[in-house]
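Secondary and tertiary structure notes
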Amino acid sequence: MTHLYRIKTGTAAFMAMALTTGAIAPMIALAPAQAQYNIGQSRSTTIPANVTLPVTYEKEKVVVKPGESMSLKLRIANDIIDRSRNVLIPAQTEVIGRLEPVDLYGRDSNSNNQNTKGVRFVASELVFPSGRRLPINARSKTITETERISKGANTGQILTDAAIGAGAATVISLLTGNKRVEVLEPVAGGAVGAAASVLLRKNQADVFVLRPEQDLDITLTSNLVISRNSTY
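Described below are features of the structure shown in this document. Just so it is clear, the structure is predicted and the values come from calculations on it, not from any experiment. Here the residue numbers are simple positions, counted from 1 along each chain's written sequence. Local features in a predicted model are, by the rule used here, given only for residues with pLDDT of at least 70; side-chain atom pairs are given and counted only at 80 or more, and totals for whole chains, interfaces and linings are based on all residues. Working from all heavy atoms in the structure, the side-chain values ignore hydrogens and water.

**Here we look at the overall build of the protein chain**
The following threshold applies: Each helix corresponds to a stretch of at least 4 residues labelled H or I by DSSP, and each strand to a stretch of at least 2 residues labelled E; elements are numbered beginning at the N terminus. Using a 1.4 Å probe on the protein chains alone, a residue whose accessible area is under 20% of its type maximum counts as buried, one over 50% counts as exposed, and one in between counts as partly exposed. We call two residues in contact when some of their heavy atoms are within 4.5 Å. In short, Shrake-Rupley with a 1.4 Å probe defines the accessible areas, and a residue's cover is counted only from the protein chains shown.
Looking only at helices and strands, one finds four helices and 19 strands in the protein chain. Evaluated residue by residue, the protein chain yields a buried proportion of 41% over its 232 residues. A fraction of 62% describes how many contacts in the protein chain between residues 6 or more apart in sequence connect residues 24 or more apart. Of the roughly 12700 Å² of accessible surface on the protein chain, a fraction of 47% belongs to carbon and sulfur atoms.

Encoded structure:
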């Protein structure tokens, strides 16, 4: 399936990224005004805001509890190329960022109600295979659907090929008795105590189960300028 995005900036209309599946690389077709370069200066291409870049991750799933924030490193899934087949962002470029909680109804909502919470990935930097770094402003869609873990329940499906945040790992281990849950980041002792206190009164908890290739593709929130004569 191909998704076509159309972006308009001022009076110029641009055909942005056509994302495709399979071996075909995503392509960005830009109007001539967007390919900015001068004699004696670095050639650069601007990828406009609202373009979506596909990502991948080493695990099939990422599990976090509502309200949890966690550092995460994704990768660009395919070469991002322009209509002249110049590679703008190579496949496997690292996308550095964090999973951040989202309050769906603003700060005045009940912070203890997990139904008001979501989570999204916010990207801050690209690291090219050469080691070159480039700031980026982009984020994924907000995920709001959770999966429920019950005391004594078999959580095998949730844990299979999953990267687990510290908060979610604490919840899972307290409910299931599994003390060998591996986490991406350590959790502070106070957080462990708070989770344990809550779970003494409840026999279940909700977690976000994110599938990166479905849920965490990033959309640019500002223009991204790529220097085309740099080594990637």
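**Section: the pattern of salt bridges**
Convention followed: What makes a salt bridge here is a side-chain nitrogen of Lys or Arg within 4 Å of a carboxyl oxygen of Asp or Glu, nothing more.
All chains considered together, the criterion is met by five salt bridges. Between Lys73 and Glu94 there is a salt bridge, with its nearest N and O atoms 3.6 Å apart. Of the two residues, Lys73 is situated in strand S9 (residues 70-76) and Glu94 in strand S12 (residues 94-103); the sequence distance between them amounts to 21 residues. Of the residues examined, Glu94 reaches a relative accessible area of 18% and is grouped as buried. Through salt bridges with shared partners, one network takes in Lys73, Arg75 and Glu94.

**Some words on the nonpolar core**
Stated precisely, the cut-off is as follows: Remark: nonpolar core denotes a set of buried residues (Ala, Val, Leu, Ile, Met, Phe, Trp, Tyr, Cys) joined through side-chain atoms within 4.5 Å.
Among the nonpolar cores identified, the biggest contains 33 residues, and Ile89 and Leu99 are the most heavily contacted of them. With residues up to four places along the chain from it excluded, the contact list for Ile89 reads Ile47, Leu53, Ile76, Asn78, Asp79, Ile80, Leu126, Phe128, Leu224 and Ile226. If you look at the next biggest cluster of nonpolar residues, it comprises 13 residues, including Ile158, Ala168, Ile172 and Ala205.

**Some details on the sheet that holds strand S7 (residues 55-56)**
Within a beta sheet, neighbouring strands are joined by backbone hydrogen bonds and run either parallel or antiparallel to one another. Convention followed: At least two bridges found by DSSP between two strands is the condition for calling them paired.
Across the sheet, seven strands lie side by side as S6-S18-S14-S13-S12-S9-S7; this open sheet has antiparallel pairing. If you trace the sheet from one side to the other, it starts and ends with strand S6 (52-53) and S7, each paired once. In this structure, S9 lies alongside S12, joined through six bridges in antiparallel fashion. Directly across from Leu72, in S12, lies its bridge partner Gly97.

**Remarks on the sheet that holds strand S15 (residues 147-150)**
The line we're drawing: Fitted lines through C-alpha atoms give the axes, limited to the stretch in contact for helices. The angle between two N-to-C directions lies from 0 to 180 degrees.
An order of S15-S17-S8-S16 is seen for the four strands of this open sheet, with the pairing classed as mixed. Edge strands, defined here as strands with exactly one partner in the open sheet, are S15 and strand S16 (162-164). Taking the axes of each pair of neighbouring strands and ignoring which way they run, one obtains an average angle of 35 degrees across the sheet. Direction of pairing for strand S8 (residues 61-64) relative to S16: parallel, over a ladder of three bridges. Paired with Lys61 across the bridge in S16 is Ala162.

**So, unusual backbone geometry**
In the Ramachandran plot, Arg85 falls in the positive-phi region, its phi being about 70 degrees despite a non-glycine side chain. Backbone geometry places Asp161, a non-glycine residue, at a positive phi of 50 degrees. Structurally, the position occupied by Asp161 is in the loop between helix H1 (156-159) and S16. The class of Asp161 is partly exposed, set by a relative accessible area of 36%.

**Things to note about helix H2 (residues 166-176)**
In terms of residue burial, H2 counts as a mostly covered element, since nine of its 11 residues are buried. If you check which residues of H2 are buried, you get Ala166, Gly167, Ala168, Ala169, Thr170, Val171, Ile172, Ser173 and Leu175.

**Quick notes on the environment of Pro212**
Mapped onto the secondary structure, Pro212 falls in helix H4 (residues 212-215). In the structure, Pro212 is positioned 151 residues away from Lys61 in sequence and 6.5 Å away in space, judged by C-alpha atoms. Setting aside its immediate chain neighbours within four residues, Pro212 contacts Val55, Tyr57, Lys59, Glu60, Lys61, Val62 and Asp217.

**Focus: the pairing of strand S14 (residues 133-139)**
Here S14 shows a buried face lined by Leu134, Ile136 and Ala138 and an unburied face lined by Arg133, Pro135, Asn137 and Arg139. Pairing of strand S13 (residues 117-127) with S14, which is carried by five bridges, proceeds in the antiparallel orientation. The residue of S14 that forms the bridge with Glu125 is Pro135. Between the end of S13 and the start of S14, which pair antiparallel, lie five residues, with Gly131 showing a positive phi angle near 100 degrees. Pairing analysis gives two bridges linking S14 to strand S18 (residues 218-220), with the strands arranged antiparallel. Of the residues in S18, the one forming a bridge with Ala138 is Leu220.

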